[in-house]
Amino acid sequence: MIMLTGDNRATAEAVAAKLSCLKPSSAPGPDKVYPRLLRVCAQELSVPLAIIFTKSMDEGVLPADWKSTNVSPIFKKGRKSCAANYRPINLASVPAKVMESLIKDDILAHLRQNNLIANSQHGFLPGRSVTTNLINYMNTITKALDSGVAYD
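Residues numbered from 1 in each chain as written. Predicted model: local features only at pLDDT ≥ 70, side-chain atom pairs only at ≥ 80, totals over all residues. Heavy atoms only, no water.

### Regarding the packing of aromatic side chains
The criterion, for reference: Ring pairs are drawn from Phe, Tyr and Trp, using the six-membered ring of Trp, whenever the two centres fall within 6.5 Å, and their geometry is named by plane angle: stacked under 30 degrees, edge-to-face over 60, tilted for the rest. Here a strand is any run of E in DSSP of at least two residues, a helix any run of H or I of at least four, and the numbering for each starts at the N terminus. The rule is simple: take the accessible area with a 1.4 Å probe, protein chains only, and divide by the maximum for that residue type; under 20% is buried, over 50% is exposed, in between is partly exposed. We count a charge as sitting over a ring when the NZ of a lysine or the CZ of an arginine lies within 6 Å of the ring centre and within 35 degrees of the ring normal.
Here the structure, examined in full by the defined rule, presents three aromatic pairs. With centroids separated by 5.8 Å and ring planes inclined at 65°, the aromatic side chains of Phe-53 and Trp-66 adopt a geometry described as edge-to-face. Pair noted here: Phe-53 is in helix H3 (residues 42-59) and Trp-66 is in the loop between H3 and strand E1 (70-75), with a separation of 13 residues, a long-range link. Here Phe-53 falls in the buried class, since its relative accessible area comes to 0%. On the basis of an interplanar angle of 65° and a centroid distance of 6.3 Å, the ring pair of Tyr-137 and Tyr-151 is categorised as edge-to-face. Here Tyr-151 lies in the segment after helix H5 (130-146) and Tyr-137 lies in helix H5, a separation of 14 residues in the sequence. Tyr-137 sits in the partly exposed class, given a relative accessible area of 42%. One cation-aromatic arrangement involves Lys-80 over Phe-75; the distance from NZ or CZ to the ring centre is 5.1 Å.

### Notes on the nonpolar core
Stated precisely, the cut-off is as follows: To form a nonpolar core, buried Ala, Val, Leu, Ile, Met, Phe, Trp, Tyr and Cys residues must be joined to one another through side-chain atoms within 4.5 Å. Contacts were defined at the residue level, with two residues in contact if any of their heavy atoms lie within 4.5 Å.
Core analysis: the biggest nonpolar cluster contains 16 residues, and Val-15, Leu-19 and Phe-53 have the highest contact counts within it. The element best represented in this core is helix H4 (residues 94-113), accounting for five residues. Excluding its chain neighbours within four sequence positions, the residues that come into contact with Leu-19 are Leu-38, Arg-39, Ala-42, Leu-45, Ser-46, Leu-49 and Val-98.

### Structural notes on the packing of H3 against H4
Just so we agree on the cut-off: Axis geometry follows a simple rule: fit a line to the C-alpha atoms, using only the stretch in contact for helices, then measure angles between N-to-C directions, giving values from 0 to 180 degrees. Here the angle decides the label: under 35 degrees means roughly parallel, over 145 means roughly antiparallel, 65 to 115 means roughly perpendicular, and every other value means oblique. Two helices cross in a left-handed way if the nearer one is turned anticlockwise from the farther one by less than a right angle. They cross in a right-handed way if the turn is clockwise. Basically, the charged four are Asp, Glu, Lys and Arg, the nonpolar ten are Ala, Val, Leu, Ile, Met, Phe, Trp, Tyr, Cys and Pro, and anything else, Gly included, counts as polar.
It is at 11 Å that the axes of H3 and H4 come closest, and there the two elements cross at 65°. In terms of their interaxial angle, H3 and H4 are classed as roughly perpendicular. Crossing handedness for the pair H3 and H4: right-handed. Taken together, the residues of H4 that come into contact with H3 (itself represented by Leu-49, Phe-53, Ser-56 and Met-57) are Pro-95, Val-98, Met-99, Leu-102 and Ile-103. Of the residues contributing to the contact of H3 with H4, the split by class is eight nonpolar, one polar and no charged.

### Some details on the pattern of salt bridges
Pairs may arise between side chains of opposite charge once their charged atoms sit close together. Formally: A pairing counts as a salt bridge when a side-chain nitrogen of Lys or Arg comes within 4 Å of a carboxyl oxygen of Asp or Glu.
Applying the stated criterion across every chain, the model contains four salt bridges. Glu-59 is paired through a salt bridge with Lys-55; the nearest N and O atoms lie 2.5 Å apart. Within this pair, Glu-59 and its partner Lys-55 are both found in helix H3, separated by four residues, close to a single helical turn.

### Concerning a nonpolar patch on the surface
Our working rule: Note that patches include only residues with greater than 30% relative accessible area and no salt bridge, and the join distances are 9 Å for like charges and 5 Å for nonpolar side chains (Val, Leu, Ile, Met, Phe, Trp, Tyr). Areas reported as accessible are Shrake-Rupley estimates using a 1.4 Å probe. Residue values count occlusion only from the protein chains shown.
Side chains of Tyr-137, Leu-145 and Tyr-151 sit close together on the surface and give an oily, nonpolar patch of about 300 Å² of accessible area. Looking at where Leu-145 falls in the secondary structure, it is placed in helix H5. A relative accessible area of 53% means that Leu-145 is categorised as exposed.

### Observations regarding the layout of surface pockets
The gaps left among the atoms become clear once a water-sized probe is rolled over them. Note the following rule: As defined here, a cavity is a set of points on a 1 Å grid over the protein atoms alone where a 1.4 Å probe fits but cannot get out. A pocket is an open set with protein on both sides within 12 Å along at least five of seven lines, and residues line them when an atom is within 4 Å of a point. Grid points are joined across faces, edges and corners, and a volume is the space filled by probe spheres set on the points.
There is about 240 Å³ of room inside the largest pocket. Around the largest pocket, the lining residues are Lys-18, Cys-21, Leu-22, Lys-23, Ser-26, Ala-27, Pro-35, Val-94, Lys-97, Val-98, Glu-100 and Ser-101. Per element, the largest residue contribution to the lining of the largest pocket is five residues, and it comes from H4. Across the lining of the largest pocket, the residue classes tally to six nonpolar, two polar and four charged.

### Structural notes on the state of the cysteines
Selection criterion: Note on terminology: disulfide denotes any pair of cysteine sulfur atoms within 2.5 Å.
Under the counting rule described, the total for this entry stands at zero disulfides. Here Cys-21 is not cross-linked by a disulfide; its sulfur's nearest cysteine counterpart is in Cys-41, at 16 Å.

As structure tokens, then:
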């Protein structure tokens, strides 16, 4: 699905679709724009956000609020007094993440339409993962061993 037009214009329909998929319970970024608000008001906010996204892409400039993030420690396990038992999460602006997602989808669609992604690529692709990569690799090894070919 192409999210941007050929001239890097974000469509209101694409923005509305992304906003409608936001998890309402997610935390906001430093701009305090809550995903629940964006999701509930997706139709009303899609046109102004599409205009902002397009202007930002045309000018190559992001709003200042979209460049800052809040880093929060999330407890993993073990003693709470040990800093190594926490992992940092980055809370970025939700509208900025929506714009980033539109761009990512458009780039991925271009790469797929033009067969620019190798079959061996498994990371960052929907339906592919470390598990599918290992299964393919094991399949290659198994075929070689079944054929009597040495495999290192």
